[in-house]
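A closer look at the structure
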Amino acid sequence: MTLKAQLESLRDETFEKIQKVADLKELNQIRVEILGKKGPITEVLRGMKELPAEERPVVGSFANEIRDYLAQAVENRKEVLEQAALDAALEKETLDVTLPGKQTPQGSRHILSQVMEEIEDIFVGMGYQIVEGYEVEADHYNFERMNLPKDHPARDMQDTFYISDEILIRTHTSPVQARTMEKHDFSKGALRMISPGKVFRRDTDDATHSHQFHQIEGLVIDKEITMGDLKGTLEVVMKKMFGEDRNIRLRPSYFPFTEPSVEVDVSCFKCGGSGCNVCKHTGWIEILGAGMVHPDVLQMSGIDPTEYSGFAFGLGPDRVAMLRYGVNDIRSFYQNDLRFLNQFKVKE
Ligand code: FA5
């Protein structure tokens with residue numbers, strides 16, 4: 001067989017092989033075998049020096065032609081196989097864009113946080129600062145500085161968990177009053193603050209009592225603050241919270257840290273005062289405790305009661321939320337039942 005015939009049959013056999021191969025790895029093997037440095041075509045080209053001079057260019061260019069032809073065939077086959085592999089992968093990984101997406105459950109602020117933030121916004125709008133207190137508090141601030149010395153009978157109403165004789169978990173947010181008063185620089189103006197937070201008491205849980213609940217403390221100290229300022233402030237706040245038609249009334253009460261002390265009622269937002277199940281047919285809803293800061297409390301915080309006076313109040317936002325949303329058991333707020341909590345879901 002002539003060299004030319006040999007090359008021709010090599011071309012045809014290889015071409016056929018290339019067309020049949022179904023795998024990219026095998027195709028590469030064929031390429032290396034036939035077109036590589038040790039392949040038959042390179043061998044022919046290498047053996048050309050044995051040929052008579054006039055045949056060399058003819059054989060050389062024919063061998064080159066075959067090499068280019070086969071290289072192109074490999075390239076074409078490679079494209080076909082790659083496309084087929086891609087088609088198969090796409091077929092396997094078909095994405096149905098009409099399927100419903102996976103739902104990621106999204107949380108929302110707790111209803112009590114929402115109510116507290118709403119009350120905070122009202123006071124911030126009136127120029128109050130928000131002060132954070134400590135949930136683990138000293139007996140000194142929780143009781144003594146609030147005019148409740150160790151043997152005071154009113155301590156019984158606010159028993160709590162003691163970490164040591166002097167450290168407890170606070171029973172109200174009132175200790176923040178003492179902590180803020182002793183730090184305030186009155187040369188820079190009046191003190192106007194609120195302090196929201198958790199408080200804890202040895203109360204038996206029932207529909208309106210929880211051993212852990214929230215309070216929002218309020219305190220204003222300046223020269224010539226009167227009971228009129230307290231009443232006016234609370235009236236504005238209650239109207240913002242429960243509607244412009246609301247009225248408030250003050251009833252005498254007792255707290256060791258205020259003198260005089262009052263309980264504040266707001267006219268019922270459901271019946272407007274005529275009597276219904278929300279206001280227990282009285283027309284009024286008890287909403288907070290308040291009073292004029294006791295002179296002894298001012299004095300203990302280094303403030304001269306002959307020069308300064310002030311008012312303070314303590315509000316229970318859990319009870320506000322209960323009234324506002326008709327929740328008849330305070331424990332619902334703390335049981336983490338999503339069927340209950342999701343009713344108050346807000347879009348953040
Ligand atoms: C106080 O704690 C006073 N420190 C409030 C105060 C501050 C008066 C400043 C004057 C000046 P009292 O114990 O009444 O007061 O609680 C205040 C509010 O907390 C109540 O009106 C009620 O809304 C809420 N509260 C009290 N105990 C519980 C409880 N166990 N569960 C839920 N809310 C409660």
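Predicted model, so just to flag it, every value in this text is computed and none were measured.

Our focus in this paragraph is a nonpolar patch on the surface. Residues Val 136, Phe 161 and Ile 163 make up a contiguous nonpolar surface patch of about 310 Å² in total accessible area. Positionally, Phe 161 belongs in the loop between helix H6 (139-142) and strand S3 (167-169). Residue Phe 161 is classed as exposed on the basis of its relative accessible area, which comes to 55%.

Let us now look at the packing of helix H2 (residues 24-35) against helix H4 (residues 56-92). Following both chains from N to C, one finds H2 and H4 inclined at 175 degrees, their axes separated by 10 Å at the closest point. In terms of orientation, H2 lies roughly antiparallel with respect to H4. Residue-level inspection shows Leu 24, Leu 27, Arg 31, Ile 34 and Leu 35 of H2 in contact with H4, the latter providing Arg 67, Leu 70, Ala 71, Val 74, Arg 77, Lys 78, Leu 81 and Glu 82. Per-class residue counts for the contact of H2 with H4 are eight nonpolar, no polar and five charged.

Mapped onto this numbering, the UniProt entry gives "domain: Aminoacyl-transfer RNA synthetases class-II family profile" (unreviewed entry) at residues 111-343. The distance from the first to the last C-alpha atom of residues 111-343 is 9 Å, and the span holds 26% helix and 27% strand.

Taken across its seven residues, strand S9 (residues 309-315) has six buried, putting it largely inside the fold. Bridge count between strand S5 (residues 212-222) and S9: seven bridges; the pairing is antiparallel. If you follow Asp 222 over to S9, its bridge partner there is Ser 309. Alignment of strand S8 (residues 284-293) against S9, held across five bridges, turns out to be antiparallel. Following the sheet pairing, Leu 288 is matched in S9 by Leu 315.

It is worth spelling out the site of the ligand at this point. Around the ligand, the structure places 23 residues, and the nearest of them are His 172, Ser 174, Arg 201, Asp 203 and Gln 215. The side chain of Ser 174 places a nitrogen or oxygen atom 2.9 Å from a nitrogen atom of the ligand. Gln 215 places a side-chain nitrogen or oxygen 3.0 Å from an oxygen atom of the ligand. Alone, the ligand offers 680 Å² of accessible surface; in the complex the protein occludes 92% of this. Among the cavities detected, the one that contains the ligand is the largest pocket. Of the residues contributing to the shell around the ligand, the split by class is seven nonpolar, 12 polar and four charged.

One pass over the structure, following the stated rule, counts nine aromatic pairs. The ring of Phe 62 carries the charged tip of Lys 4 above its face, separated from the ring centre by 5.4 Å. If you follow Arg 179 out to its NZ or CZ, it ends over the ring of Tyr 141, 3.9 Å from the centre.

So, about the environment of Asp 159. Positionally, Asp 159 belongs in the loop between H6 and S3. Relative accessible area serves as the criterion here: at 34%, Asp 159 is assigned to the partly exposed category. Here Asp 159 is in contact with Thr 171, Arg 201 and Arg 202, once residues within four sequence places are set aside.

Conventions and cut-offs
Residues numbered from 1 in each chain as written. Predicted model: local features only at pLDDT ≥ 70, side-chain atom pairs only at ≥ 80, totals over all residues. Heavy atoms only, no water. Patch = residues over 30% accessible without salt bridge, like charges linked within 9 Å, V, L, I, M, F, W, Y side chains within 5 Å. Areas by Shrake-Rupley, 256 points an atom, 1.4 Å probe, with all protein chains shown as cover. Salt bridge = Lys/Arg side-chain N within 4 Å of Asp/Glu carboxyl O. Helix = DSSP H or I, 4+ residues; strand = E, 2+ residues; numbered from the N terminus. Buried < 20%, exposed > 50% of the residue type's maximum accessible area, 1.4 Å probe, protein only. Axes fitted to C-alpha atoms, helices over the stretch in contact; angles between N-to-C directions. Parallel < 35°, antiparallel > 145°, perpendicular 65-115°, else oblique. Contact = heavy atoms within 4.5 Å. Nonpolar A, V, L, I, M, F, W, Y, C, P; charged D, E, K, R; others polar. UniProt positions renumbered as here; feature names shortened; annotations may be inferred. Pairing = 2+ DSSP bridges. Near = heavy atom within 4 Å. Polar contact = N/O pair within 3.5 Å; in protein donor to acceptor, adjacent residues only side chain to side chain. 1 Å grid on protein atoms, 1.4 Å probe; cavity = no way out; pocket = protein on both sides within 12 Å on 5 of 7 lines; lining within 4 Å. Sits in = over half its atoms within 2 Å of the grid points. Phe/Tyr/Trp six-rings, centres within 6.5 Å; stacked < 30°, edge-to-face > 60°. Lys NZ or Arg CZ within 6 Å of the ring centre and 35° of its normal.

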